[in-house]
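# Coordinate analysis (summary)
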Amino acid sequence: GATLKRFQFPVGGRYPDFRIPIQIDAFHLSAQDPWLGAGMGNFEALFRLFRKESRQQDYALHPDSDWLWLAVDLGWLAVVGLAVGLVLWFKRCFPFESRESAPLRLAALTYGVGFALAGFIDVSGHRIGTLWPALFVMSLALRPSRTGQNVRWVAPLFRVAGVLLIV
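Here is what the cut-offs are and how they apply
- Residues numbered from 1 in each chain as written.
- Predicted model: local features only at pLDDT ≥ 70, side-chain atom pairs only at ≥ 80, totals over all residues.
- Heavy atoms only, no water.
- Phe/Tyr/Trp six-rings, centres within 6.5 Å; stacked < 30°, edge-to-face > 60°.
- Helix = DSSP H or I, 4+ residues; strand = E, 2+ residues; numbered from the N terminus.
- Buried < 20%, exposed > 50% of the residue type's maximum accessible area, 1.4 Å probe, protein only.
- Contact = heavy atoms within 4.5 Å.
- Axes fitted to C-alpha atoms, helices over the stretch in contact; angles between N-to-C directions.
- Parallel < 35°, antiparallel > 145°, perpendicular 65-115°, else oblique.
- Left-handed = near helix turned anticlockwise from the far one by under 90°.
- Nonpolar A, V, L, I, M, F, W, Y, C, P; charged D, E, K, R; others polar.
- Patch = residues over 30% accessible without salt bridge, like charges linked within 9 Å, V, L, I, M, F, W, Y side chains within 5 Å.
- Areas by Shrake-Rupley, 256 points an atom, 1.4 Å probe, with all protein chains shown as cover.
- Salt bridge = Lys/Arg side-chain N within 4 Å of Asp/Glu carboxyl O.

### Here's the deal with the packing of aromatic side chains
One pass over the full model with this rule turns up 3 aromatic pairs. Ring centres of tryptophan 67 and phenylalanine 120 lie 5.3 Å apart, and the angle between their planes is 15°; this geometry places the pair in the stacked category. In this pair, tryptophan 67 is assigned in helix H4 (residues 66-74) and phenylalanine 120 in the loop between helix H6 (102-118) and helix H7 (128-140), connecting sequence segments 53 residues apart. When its relative accessible area of 11% is taken as the criterion, tryptophan 67 is described as buried. Relative to phenylalanine 94, the ring of phenylalanine 90 has its centre 5.1 Å away and its plane inclined at 70°; by these criteria the two rings are edge-to-face. Relative accessible area serves as the criterion here: at 36%, phenylalanine 90 is assigned to the partly exposed category. Here phenylalanine 94 falls in the partly exposed class, since its relative accessible area comes to 33%.

### Some remarks on the environment of tryptophan 76
Looking at the secondary structure, you find tryptophan 76 in helix H5 (residues 76-92). C-alpha separation for the pair tryptophan 76 and leucine 36, spaced 40 residues apart in sequence, amounts to 7.3 Å. What tryptophan 76 contacts, discounting residues up to four positions off in sequence, is Phe27, Ser30, Pro34, Trp35, Leu68 and Ala71.

### Some details on the packing of H6 against H7
Where H6 contacts H7, the axes come no closer than 7 Å and their chain directions differ by 140°. Classified by the angle between their axes, H6 and H7 sit oblique to one another. Note on packing geometry: the crossing formed by H6 with H7 is left-handed. In contact with Arg105, Ala108, Tyr111, Gly112 and Phe115 of H6, H7 contributes Thr130, Leu131, Ala134, Val137, Met138 and Leu140. Per-class residue counts for the contact of H6 with H7 are 8 nonpolar, 2 polar and 1 charged.

### Some words on a nonpolar patch on the surface
On the surface, a cluster of nonpolar side chains totalling about 500 Å² of accessible area is made up of Phe90, Phe94, Val113, Leu117, Phe120 and Ile121. As for its position among the elements, leucine 117 is in helix H6.

Structural data, given as structure tokens:
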């Protein structure tokens, strides 16, 4: 439907939507400083200088891709770091030993993979209202720790931190 129309190739030299041209221009912007990026929050201001394909649109707040926006803001090293983090998270979700928790953990794993993939075509990871619940659900997919080690200094440290925050 409408989502598929976003990614159609141009007919007669024009895209049906401005998402693809914005992403092309944002990719060129990310290539200007690929290691460290342009800095967080600078996309809108710097993007105006790099517009070629998307000149017909008035302005762009973001490139409609979490991964591309991350590359522009923090550089491609941050994208690689996030991808490595997702792979490590994915590996820590297996195996599904317990029959009771397996359906919930599998659903949470599916959600997490879908959330990461949706970041290629949307900016849900840049919105705090979608990011926090996603991180919570993704944490449910992790394999429970079986070590059973109690660390004595954790509880007092967090109690002191809580008191300091109250003060």
